[in-house]
Amino acid sequence: MIEIETSDEGRMSFLDVSAFVLFKWNYKILQNFIDIVDQTQKRLLINPQLGKPFTATVRKIVLHKNASFYYEFDENLKKITILLFIDNRCNPKDYLKLL
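A brief report on the enclosed structure follows.

Rules behind the numbers
- Residues numbered from 1 in each chain as written.
- Predicted model: local features only at pLDDT ≥ 70, side-chain atom pairs only at ≥ 80, totals over all residues.
- Heavy atoms only, no water.
- Axes fitted to C-alpha atoms, helices over the stretch in contact; angles between N-to-C directions.
- Helix = DSSP H or I, 4+ residues; strand = E, 2+ residues; numbered from the N terminus.
- Contact = heavy atoms within 4.5 Å.
- Nonpolar A, V, L, I, M, F, W, Y, C, P; charged D, E, K, R; others polar.
- Phe/Tyr/Trp six-rings, centres within 6.5 Å; stacked < 30°, edge-to-face > 60°.
- Buried < 20%, exposed > 50% of the residue type's maximum accessible area, 1.4 Å probe, protein only.
- Expected span 1.5 Å × (residues − 1).
- Arc of directions from axis to C-beta.
- Salt bridge = Lys/Arg side-chain N within 4 Å of Asp/Glu carboxyl O.

### Quick word on the packing of helix H1 (residues 8-24) against helix H2 (residues 27-46)
Relative orientation of the contacting elements H1 and H2 amounts to 145°, with a least axis distance of 8 Å. Facing Phe14, Val17, Ser18, Val21 and Leu22 of H1, the residues of H2 in contact are Tyr27, Ile29, Leu30, Phe33, Ile34 and Val37. Taken together, the residues of the contact of H1 with H2 break down into 10 nonpolar, one polar and no charged.

Okay, here's the thing in structure tokens:
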């Protein structure tokens with residue numbers, strides 16, 4: 001059974017992106033974003049290799065044209081770790097140094 005966990009940086013970046021969505025749009029759009037994240041996590045449980053390879057160990061999934069997340073899958077431990085949520089409109093150098 002595969003499990004999903006979120007790193008501390010992943011939690012903080014999720015909250016940052018969520019706060020921005022709520023500030024820029026509204027609660028309904030925020031709820032839609034959260035639903036997309038939940039659906040994507042369920043899809044990852046079925047196919048952990050779903051994301052596009054970013055490095056040898058890290059993969060990227062585009063949630064929406066404005067948001068993505070990076071994750072690692074450890075086949076031995078059967079564990080997916082969400083590392084970082086990003087706003088795709090920002091400079092990637094600002095975020096990717098956190099990986």
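Now that the structure is up, let's keep going.
### Side note on the packing of aromatic side chains
The final tally for this structure, using the stated rule, is six aromatic pairs. Taking 5.9 Å as the distance between ring centres and 20° as the angle between the ring planes, the aromatic pair formed by Phe14 and Phe33 counts as stacked. Placement of the pair is Phe14 in helix H1 and Phe33 in helix H2, with a sequence separation of 19 residues. Owing to a relative accessible area of 22%, Phe14 belongs among the partly exposed residues under this scheme. Of the aromatic side chains, those joined through ring pairs into one cluster are Phe14, Phe33, Phe69, Tyr71 and Phe85.

### Concerning H1
Given 3.6 residues per helical turn, the α-helix brings residues three or four places apart onto the same face. The first and last C-alpha atoms of H1 sit 24 Å apart over 17 residues, in line with the 24 Å expected at 1.5 Å per residue. For H1, the complete set of buried residues consists of Gly10, Ser13, Val17, Ser18 and Val21. Angular distribution of buried residues about the axis of H1 spans 135°; they occupy a single face of the element. Facing away from the buried side of H1 by over 90 degrees, the exposed positions are Asp8, Asp16 and Phe23. Considering only its buried residues, H1 is in contact with strand S1 (3-6), H2, strand S4 (67-74) and strand S5 (79-87).

### Here we look at the pattern of salt bridges
Inspection of every chain in the model, using the stated rule, returns three salt bridges. Residue Arg11 is joined to Asp8 by a salt bridge in which the shortest nitrogen-to-oxygen separation is 2.7 Å. You can see Arg11 and its partner Asp8 sitting in helix H1, three residues apart, about one turn around the helix. Residue class for Asp8 comes out exposed when judged on its relative accessible area of 55%. Here Arg89 ties to Asp87 by a salt bridge, and the two come within 3.0 Å at their closest N and O atoms.

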